[in-house]
Amino acid sequence: MRVFGLGETVYDIIFKDGTPQAAKPGGSVLNSMISLARMGVETYFISELGNDNISEIIISFLNKNGVSTQYIQQHNNGQSAVAMAFLNENNDASYEFYKNYPKTRLDIELPDFREGDILLYGSSYAIDKNIRKQVKSIINRAKSAGATIMYDPNYRQKDGANDSERILFVKENLLSADIIRGSNEDFLNILNARDIIESHQNTNPNCHLFIYTKNALGIDAIFNDNSKSYLSDKITPISTIGAGDNFNAGIIYSIIQLVLLKNNLSAINDKQVDYIISNAKQFSSAVCMSMDNYIPIGFTLK
């Protein structure tokens, strides 16, 4: 099973108490792809970069970790994006982004999706009106090929909670998904929904697996008219950057291990969901215990 990730590429510069602590390739889907590749999964990243020093660093890093870069556009009339991440006293991050994109973007050959593939996408990149046509073309190609679609809205107040066009794009994306993983903050911002039932019913009640994360308050899941709740792991994080992205990676890795394809995902059972959530929590916790955005090389599941 191959995994394709569609998302923004940024170069993260991480600050703590006003001092730079680390600099590394980032972006929510990129973080997931690196972790999956480190677990031996065949991965392809769909994105765009400038033709500059930062892009050379990022392309080299992706290739070194085994992530295919054949679907990354490098443009000459713009720059690679940079993100400044500022850690607070709880090591949670707030961000400032610096972007200079050209007029023509994501001008790539569509991937050769096949039945059994998985497409992960989400965050602000998935609702950028300047590439909406390209994003929809990629999603439609994946769906028509029989690939499994996983969507993480990752929608924050900074994304414009009252922007009707962006909310419309989020809702369209939710309807495309076979698997949805979102936080309570996401669905509060999108729908003013305050629990998993309200969120599920008003997004895509036909998706096969709906996972609703609540940070330290736990995790809820709805699957085939069943539901379960799980406790969050208690850890003292070094950095929470990439926590949700690696939770997503853990979900996808588990689905691959269970050989849950689009045509049998509808029969997912509670034991399989237990396995998925356990692995997703381990992926996420491992990332929180370092300054990296991805699981460490050599990471193993318990």
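Quick note: structure is the one above.
Summary of the structure given here.

Parameters and conventions
- Residues numbered from 1 in each chain as written.
- Predicted model: local features only at pLDDT ≥ 70, side-chain atom pairs only at ≥ 80, totals over all residues.
- Heavy atoms only, no water.
- Helix = DSSP H or I, 4+ residues; strand = E, 2+ residues; numbered from the N terminus.
- Rg over C-alpha atoms; globule rule 2.2 N^0.38 Å.
- Contact = heavy atoms within 4.5 Å.
- Areas by Shrake-Rupley, 256 points an atom, 1.4 Å probe, with all protein chains shown as cover.
- Lys, Arg positive; Asp, Glu negative; His and termini not counted.
- Charge placed at Lys NZ, Arg CZ, Asp CG, Glu CD.
- Buried < 20%, exposed > 50% of the residue type's maximum accessible area, 1.4 Å probe, protein only.
- Phe/Tyr/Trp six-rings, centres within 6.5 Å; stacked < 30°, edge-to-face > 60°.
- Lys NZ or Arg CZ within 6 Å of the ring centre and 35° of its normal.
- Pairing = 2+ DSSP bridges.

This paragraph deals with the overall build of the protein chain. Scanning the protein chain for helices and strands turns up eight helices and 13 strands. In terms of overall dimensions, the protein chain is globule-like: its C-alpha atoms have a radius of gyration of 18 Å, near the 19 Å expected for 302 residues. For the protein chain, the spread of C-alpha atoms along the principal axes amounts to about 50 × 45 × 40 Å. Here the analysis covers contacts within the protein chain between residues at least 6 apart in sequence; of these, 71% occur between residues at least 24 apart. With the model as given, the accessible surface of the protein chain reaches about 13200 Å², and the carbon-plus-sulfur share is 46%. Placing the 28 positive and 33 negative side-chain charges of the protein chain at their respective mean positions leaves the two points 2 Å apart.

Moving on, we get to unusual backbone geometry. Positive phi, normally seen in glycine, also occurs at Asp17, with a value near 55 degrees. With respect to the helices, strands and loops of the structure, Asp17 is situated in the loop between strand 2 (10-16) and strand 3 (19-26). Within the chain, Val259 stands out as a residue other than glycine whose phi angle is a positive 50 degrees. Structurally, the position occupied by Val259 is in the loop between helix 7 (243-257) and helix 8 (270-288). Here Val259 falls in the partly exposed class, since its relative accessible area comes to 46%.

This brings us to the packing of aromatic side chains. Applying the stated criterion to the full structure yields twelve aromatic pairs. Taken together, the ring pairs in this structure connect Phe4, Tyr44, Tyr71 and Phe113 into an aromatic cluster. One cation-aromatic arrangement involves Arg105 over Tyr101; the distance from NZ or CZ to the ring centre is 3.8 Å.

To continue, consider the pairing of strand 10 (residues 179-183). Most of strand 10 is tucked away: five of the five residues are buried. By the alternation rule, side chains of strand 10 split into Ile179, Arg181 and Ser183 and Ile180 and Gly182, which are all buried. Note: strand 9 (residues 148-152) against strand 10, two bridges, orientation parallel. Bridge pairing in strand 10 places Met150 opposite Ile179. With five bridges joining them, strand 10 and strand 11 (residues 209-213) adopt parallel strand pairing. Among the inter-strand pairings, Ile180 is bridged to a residue of strand 11, identified as Phe210.

By themselves, these observations are geometric and do not establish any function.
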